[in-house]
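Letter by letter, the chains look like this.
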Amino acid sequence: MLTKFESKSARVKGLAFHPVRPWICASLHNGVIQLWDYRVGTVIDRFEEHDGPVRGVDFHLHEPLIVTGGDDYKIKVWDYKLRRCLFTLLGHLDYIRTVQFHPNATQFPWILSASDDQTLRLWDFHKRSCLSVLTGHNHYVMCAAFHPSEDLIVSASLDQTVRVWDTAGLRKKHLGGPGMDGGYPGMMDANGNRGQSAAAATALNVQAELFGTNDVVVKYVLEGHDRGVNWAAFHPTLPLLASAADDRQVKLWRMSETKAWEVDTLRGHANNVSCCLFHPKQELVVSNSEDRSIRVWDVSKRVGVQTFRREGDRFWILAAHRSQNLLAAGHDSGMIVFKLERERPASASGPGDKLYYVRGRELFCHDYARATGGSSGVDVPIASLRRVGQQAQTDGIGSGPRFLSYNMHNPTEGNVLVCSEVDGGCYELITFSLTNAGGSVTDGKRGACLGPGVFLGRNRFAVLDRHKREIVVKNLNNETTKRVQAPVPNVDSLFDGGASGRIILRSDDRAVLFEVQSRRVIGELTAPKIKNIVWSPDGSKVALLCKYGVVIADRQLEQLCSISDTVRIKSGAWDVSPTGGTNSNLFVYTTLHHVKYCLPTGDTGTIRTLDNPIYATRVVKDQLFCLDREARSRVISIDTTEARFKLALANKKYGQVMHMVRHSRLCGRAIVAYLQSKGFPEVALHFVRDPQTRFRLALACGNIEAAMESAFSLEQQQGAEGKARDVWGELGSEALRQGNHQVVEMSYQRKKDFDRLSFLYMLTGDMEKLRKMLKISNMRNDIMGRYHNALLLGDAAERVAVLEASGNLPLAYISAKLHGLEDVAERIKIAIETQEGTVEGLMDKVPVGTKAGGRLLQPPTPIVRAGNWPTLEIKKTTLEDLSAADTGEEYEEETAPKAEPGVGDAAAWGNDDFGDDAGLGAAVEDMGLDDDDDMGWGDDLDLGDDFAVETHKAAPVDEMAGLNEISDDAGFQMPPAGRPPAGCWVANSSHAADHMAAGGASSAMQLLHRQIAASDFSVLKSSMLGCYLGSTVSLPGASWLCPHLLPHPTILTAILFIIT
């Protein structure tokens, strides 16, 4: 028994599986109905309206309905989506034992109920009325059930009989009678009025209550039990019945068209048998009893084959899933959901495009290379597997092969180890020819083992001794050649080690990589509940499949990543695509209802959902080859674009990344969050259309234009107030950081941040707009705003007027006197004296003529008036420039020649920033060397092989074109700048001092690194800065130097070093 789920609750009296979802409904002895998700083990809902125990429960096949029956004589129909009771059916006069929807409830909206009032009732839950009362039993009716496909009902009673009822008459009446057009007696029309047959309907209902109807007739009465019968069930396909009774027996019955008879009696229970049913997929009968046991019986052999006991709890009810191999049993303290055997087919990958697996009792070779049409390949039978031991004679109870291993070390013939858990564990060695797989097969080599066997070499394999837990090495003749003690205790399984002579041992929650020949441990890692191990095609990585997780390690068993999941992991396979870079780097695994992927970097995601569990065997591009639970090979389509995208990003294959950005349908918040977390928000902008998200991403990557576009969209959506102001504030902060004062100005204007706007106009020297801000302050009656603007404008008279208007007359008098506004000061003096004040001693408080005294404040004059400040360079990742991404094609820069790798942009002054040193950058800007084309040295500079550049030259750029915008004379054009002296210093020079003196810090560092292997330049920082700054000064105090001549940097450097 494989327990999948177990709950703790009051005594469970009724169970029902949902036909599709992983739910089970349990009705309890305390009157509560619980709806469980047995996959995750949680209660979804509870229904509590019955008074007393609830013994019967069932799910509707298609609609979200549950029917229950209890000891309060009531049948209730619930809608589990609405989470309430829809209606109650009344009519029974005693406890209700079982309730069931018709198997074809869409066509026949019927409910069948059995009661202690010795009757069965058929109800129409659409009309909420009783269709028929089945009388005949003379004791409690303990159970009633529909036949899955025929017009039959079976009932079991404590009168020691089992009755089979024929419902053909009721079906014909329902289909052919007036019921098809709504003419059933007692049915209401749309207005709630009864039809013309109300009186006749009442008479028929009374007759049905008293005497029953002839629509349902008894077909068989089965007598044979010595005590009351508790349960009876139909076989899903064969004309068989099973019944369980208080005489501790389970009986099998066979039916024909005219009669039914007892086939056999199954004895073994030691107390009343509560319930029995046929296994939905195997020829088995499962029964449970008050003797605290569940027994499994072989229908064909009519003997018991398995017994499961539970101490302290009596079993009361059994249920089987309609389509899956799942059973459930209710007992005194809860319920269990279980399987009788594992459904994973035993399989192993072979050489090339082959897969070896077991279906039933046959070993097959599946050849993927011979795939035609929509098939995944061709199945070639290899050999039939023999049944060994008593347990192996019955299918469906765990007697089939569990593990399969193929000998990848032997290229001349095929060797397969088939291991099962029969009789504590055994193996069978099968040898066959690779050229004629089904022709010459050698088998018969068997032995005992624990867990799977592993091939160590061309003619050796290892198994685990189940008693001593030793590693037993054998040859292909099944002869023991060596016994090796395990290096760790509690070893319970062996797995392939990925190379000849290596195995992986599972011990508790550890995996140990062990070399058998040298008896040494190579690696070890922690992995709880390991179920399987999958090696990559090249043997460089291994995936350890745990119960709820996947651990990926390298060939030395050093962990690369570990992921966890909330549901059980079923299988996994490595990608074997020959192209695309995913070979041995993409691991695809399956859970109960999903296909997911995992990368060695730890990234994971969901690829698609599944209707039924599958077992992955091979992944090629967008195809997943797998086996289903019937061991049938299948191919399903998967989309691994997201995984390939993340893998390319992790491997820095930016050309492939940008190709996928442009041509693949990648979308979703997960991709956006992933790109942002990895530091590529500019790429995430390609996937996002939501203005709020685009705004955040644009700010993260410094894209002012995209941020402005999103800010305008947000302003239209949210209005000019509220959150829109915050957006403009954030945009202004980012623009200010970059030095884009035009965007800063617009942001402050839209946010109406007048104080910051005034300060910005002062910094940019825009006095006209600063005077406008003063007028706006006057209009807004903003005293502080007026004073600040007057202070920034240097307007002393306005400041005095503001102080006077605000009532600060003493301060106004002092300010007027200091700035020489005698007339205004005299007027203010009169105003002070009018208010009985005095100006005596006011000027004594101001130390005029000293540094602490007042000074006239005037706004600074801007050195350069231009359209914008030189903006801060935003470091762009490789992905941001789409045209420059490495797509495998040659590309050219638009503004400068392409340099060799290692030089980068060191020779281009526009991108230099002088090692990101702020002082150097500012000095270069003052020199005016930033954007000079000649300073790019693409034309004249010859640094030898170390600094070779391409010969093609970019188009000349007029660096002074920006001055046209501020020129008063539109007709005047500034001539292009000549070559600055610093540009000549480095011509034909490979001295680091020359490059440093000219401002080329990056190229100077590269020269020092190449010439003397310098790597730590922090110790040279002061000297290099002195060299650069010294090249821009003259030494008029030295008589032997002409002060108007600029010395050669080499000489100057030598002088500076001597002086310092």
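On a predicted model such as this, the values are computed, not experimentally measured, just so you know. The numbering scheme is per chain: residues are counted from 1 as the chain's sequence reads. Thresholds applied to this predicted model are a pLDDT of at least 70 for local features of residues and 80 or more for the giving and counting of side-chain atom pairs; totals over whole chains, interfaces and linings are not thresholded and use all residues. Excluding hydrogens and water, the side-chain figures rest on all heavy atoms present in the structure.

1. Things to note about the sheet that holds strand E5 (residues 42-47)
Moving on, step 1. Spatial ordering of the open sheet is given by E2-E3-E4-E5, a layout of 4 strands whose pairing is antiparallel. Here the strands that pair on one side only, and so sit at the sheet edges, are strand E2 (12-17) and E5. Looking at each pair of strands side by side, their axes are set apart by 20° on average, direction ignored.
Moving on, step 2. Any two strands with at least two DSSP-identified bridges between them are counted as paired. Under the DSSP-based scheme used, a helix requires at least four consecutive residues in state H or I and a strand at least two consecutive residues in state E, with every element numbered from the N terminus. With 5 bridges joining them, strand E4 (residues 33-37) and E5 adopt antiparallel strand pairing. Residue pairing in the sheet places Gln-34 in a bridge with Arg-46 of E5. What counts as an axis is a line fitted to C-alpha atoms, over the stretch in contact for a helix, and the angles between N-to-C directions run from 0 to 180 degrees.

2. Regarding the nonpolar core
Moving on, step 1. Only buried residues count toward a nonpolar core, which is a set of Ala, Val, Leu, Ile, Met, Phe, Trp, Tyr and Cys residues joined through side-chain atoms within 4.5 Å. Throughout, exposure labels follow a simple rule: accessible area from a 1.4 Å probe, protein chains only, divided by the maximum for the residue type, with under 20% read as buried, over 50% as exposed, and the rest as partly exposed. If you look at the biggest cluster of nonpolar residues, it comprises 61 residues, and the most contacted ones within it are Leu-15 and Ile-24.
Moving on, step 2. We call two residues in contact when some of their heavy atoms are within 4.5 Å. Discounting residues that sit within four places of it in the chain, Leu-15 has contacts with Ile-24, Cys-25, Ala-26, Val-57, Ile-317, Ala-319, Ala-328, Ala-329, Gly-330 and Met-335.
Moving on, step 3. Membership of the second largest hydrophobic core comes to 27 residues, among which are Phe-695, Ile-704, Leu-760 and Leu-793.

3. Thoughts on the pairing of strand E53 (residues 615-620)
Look at any regular strand and the pattern is simple: side chains alternate between the two faces of the sheet.
Moving on, step 1. Counting buried residues along E53, 6 of its 6 residues qualify, which places the element largely inside the surrounding structure.
Moving on, step 2. Alignment of E53 against strand E54 (residues 623-627), held across 5 bridges, turns out to be antiparallel. The residue of E54 that forms the bridge with Val-619 is Leu-624.
Moving on, step 3. If you look at the hairpin formed by E53 and E54, you'll find 2 residues sitting between the two strands, and Lys-621 has a positive phi there, around 55°.

4. What about the pairing of strand E11 (residues 110-115)?
Moving on, step 1. The buried fraction of E11 is high, at 6 of 6 residues.
Moving on, step 2. Of the two faces of E11, the one holding Trp-110, Leu-112 and Ala-114 and the one holding Ile-111, Ser-113 and Ser-115 are both buried throughout.
Moving on, step 3. As paired elements, strand E10 (residues 96-101) and E11 share 5 bridges and run antiparallel to each other. Within E11, the position partnered with Ile-96 by the bridge is Ser-115.
Moving on, step 4. Bridge count between E11 and strand E12 (residues 119-124): 5 bridges; the pairing is antiparallel. Paired with Ile-111 across the two strands is Trp-123, which belongs to E12.

5. Let's talk about the environment of Val-77
Moving on, step 1. Mapped onto the secondary structure, Val-77 falls in strand E8 (residues 74-79).
Moving on, step 2. With 12 residues separating them in the primary sequence, Val-77 and Leu-65 have C-alpha atoms 6.7 Å apart.
Moving on, step 3. Sequence-distant contacts of Val-77, that is, excluding residues within four places in its chain, are made with Leu-65, Ile-66, Val-67, Cys-85, Leu-86, Phe-87 and Ile-111.

6. Digging into helix H13 (residues 783-793)
Moving on, step 1. Every buried residue of H13 is accounted for by Gly-785, Arg-786, Asn-789, Ala-790, Leu-792 and Leu-793. The arc that holds the buried residues of H13, viewed along the axis, is 160°, so those residues lie on one side.
Moving on, step 2. Turning to H13, the residues buried within the fold contact helix H11 (754-764), helix H12 (767-779) and helix H14 (796-805).
Moving on, step 3. The N-cap residue of H13 is Asp-782: its side-chain oxygen and the backbone nitrogen of Met-784 are 3.5 Å apart.
Moving on, step 4. Where H13 ends, the next residue or the one after it, Gly-794, has phi of about 75°, a positive value. Directions pointing from the helix axis toward each C-beta atom define the arc. Identification of polar contacts relies on pairs of N or O atoms within 3.5 Å, with a donor-acceptor requirement for protein atoms, meaning one able to donate a hydrogen and the other able to accept it, and with residues adjacent in sequence counted only if both atoms are side-chain atoms.

7. Points about the packing of H12 against H13
Moving on, step 1. For the pair H12 and H13, interaxial distance at closest approach is 8 Å and the crossing angle is 160°. If you check the angle between H12 and H13, you find them roughly antiparallel. Seen from above, H12 lies across H13 with left-handed handedness. Seen from H12, the contacting residues are Met-767, Leu-770, Arg-771, Met-773, Leu-774, Ser-777 and Asn-778; seen from H13, they are Gly-785, Arg-786, Asn-789, Ala-790, Leu-792 and Leu-793.
Moving on, step 2. Taken together, the residues of the contact of H12 with H13 break down into 7 nonpolar, 4 polar and 2 charged. Angular relationships are summarised with four words: roughly parallel below 35 degrees, roughly antiparallel beyond 145, roughly perpendicular across 65 to 115, and oblique for the angles in between. Definitions for this section: a left-handed crossing has its near helix turned counterclockwise from the far helix by less than a right angle. A right-handed crossing has that turn clockwise. Any residue that is not Ala, Val, Leu, Ile, Met, Phe, Trp, Tyr, Cys, Pro, Asp, Glu, Lys or Arg is counted as polar, Gly included; the first ten are nonpolar and the last four charged.

8. What to know about the sheet that holds strand E37 (residues 454-457)
Moving on, step 1. The antiparallel open sheet is built from 4 strands, whose spatial order is E37-E38-E39-E40. In this open sheet, the two strands that pair with only one neighbour each are E37 and strand E40 (480-484). Put simply, the sheet's adjacent strands are angled 30° from each other on average, direction ignored.
Moving on, step 2. Summarising the sheet, E37 and strand E38 (residues 460-464) pair through 3 bridges and their orientation is antiparallel. Bridge pairing links Val-454 to Ala-462 in E38.

9. A short note on a negative patch on the surface
Moving on, step 1. Taken together, the side chains of Asp-823, Glu-826, Glu-833 and Glu-840 make up a negatively charged region of the molecular surface.
Moving on, step 2. Tracing the backbone through its elements, the reader meets Glu-826 in helix H16 (residues 822-834).
Moving on, step 3. By relative accessible area, Glu-826 is classed as partly exposed at 44%. What goes into a patch is any residue over 30% in relative accessible area without a salt bridge, connected to like charges within 9 Å or, for nonpolar side chains (Val, Leu, Ile, Met, Phe, Trp, Tyr), within 5 Å. Using a 1.4 Å probe, the Shrake-Rupley method yields the accessible areas, and only the shown protein chains count as cover for residues. Any Lys or Arg side-chain nitrogen found within 4 Å of a carboxyl oxygen on Asp or Glu counts as a salt bridge. His residues and chain termini do not enter the charge count, which takes Lys and Arg as positive and Asp and Glu as negative. Where a charge sits is defined by one atom per residue type, namely NZ (Lys), CZ (Arg), CG (Asp) or CD (Glu).

10. Points about the confidence of the model for the protein chain
Moving on, step 1. For every residue, the predictor states its confidence as a pLDDT score lying anywhere from 0 to 100. With 76% of its residues at a pLDDT of 70 or more, the protein chain shows a mean pLDDT of 78.
Moving on, step 2. A low-confidence stretch, residues 177-197 stays under pLDDT 50, and its non-local contacts, those more than four residues away or across chains, total 24 contacts.
Moving on, step 3. Below pLDDT 50 for its whole length, residues 1052-1060 participates in 10 contacts with residues either more than four positions away or in separate chains.

11. Points about the packing of H11 against H12
Moving on, step 1. For the pair H11 and H12, interaxial distance at closest approach is 8 Å and the crossing angle is 155°. By the angle between their directions, the pair H11 and H12 is classed as roughly antiparallel. At the point where H11 passes H12, the crossing takes the left-handed sense. Taken together, the residues of H12 that come into contact with H11 (itself represented by Phe-754, Leu-757, Ser-758, Tyr-761 and Met-762) are Met-767, Lys-769, Leu-770, Met-773 and Ile-776.
Moving on, step 2. For the contact of H11 with H12, a count of residues per class yields 8 nonpolar, 1 polar and 1 charged.

12. Brief notes about the side chain of Ser-157
Moving on, step 1. Structurally, the position occupied by Ser-157 is in strand E15 (residues 152-157).
Moving on, step 2. Overall, Ser-157 belongs to the buried group, its relative accessible area being 0%.
Moving on, step 3. Those residues in contact with Ser-157, other than ones at most four positions away along the chain, are His-137, His-139, Tyr-140, Val-141, Met-142, Gly-228 and Val-229.

13. Remarks on the pattern of salt bridges
Moving on, step 1. With the rule as written, the count across this model stands at 30 salt bridges.
Moving on, step 2. A salt bridge links Asp-151 to Arg-171; the shortest N-O distance between them is 2.5 Å. One end of the pair, Asp-151, is in the loop between strand E14 (141-146) and E15; the other, Arg-171, is in helix H1 (residues 168-176), and 20 residues separate them in sequence.
Moving on, step 3. For the salt bridge of Glu-428 with Arg-446, the shortest nitrogen-to-oxygen distance reads 3.4 Å. Of this pair, Glu-428 sits in strand E35 (residues 426-433) while Arg-446 sits in strand E36 (residues 441-448), placing them 18 residues apart in sequence.
Moving on, step 4. A relative accessible area of 7% places Glu-428 in the buried class.
Moving on, step 5. Through salt bridges with shared partners, a single ionic network connects Glu-6, Lys-8, Arg-310 and Asp-313.

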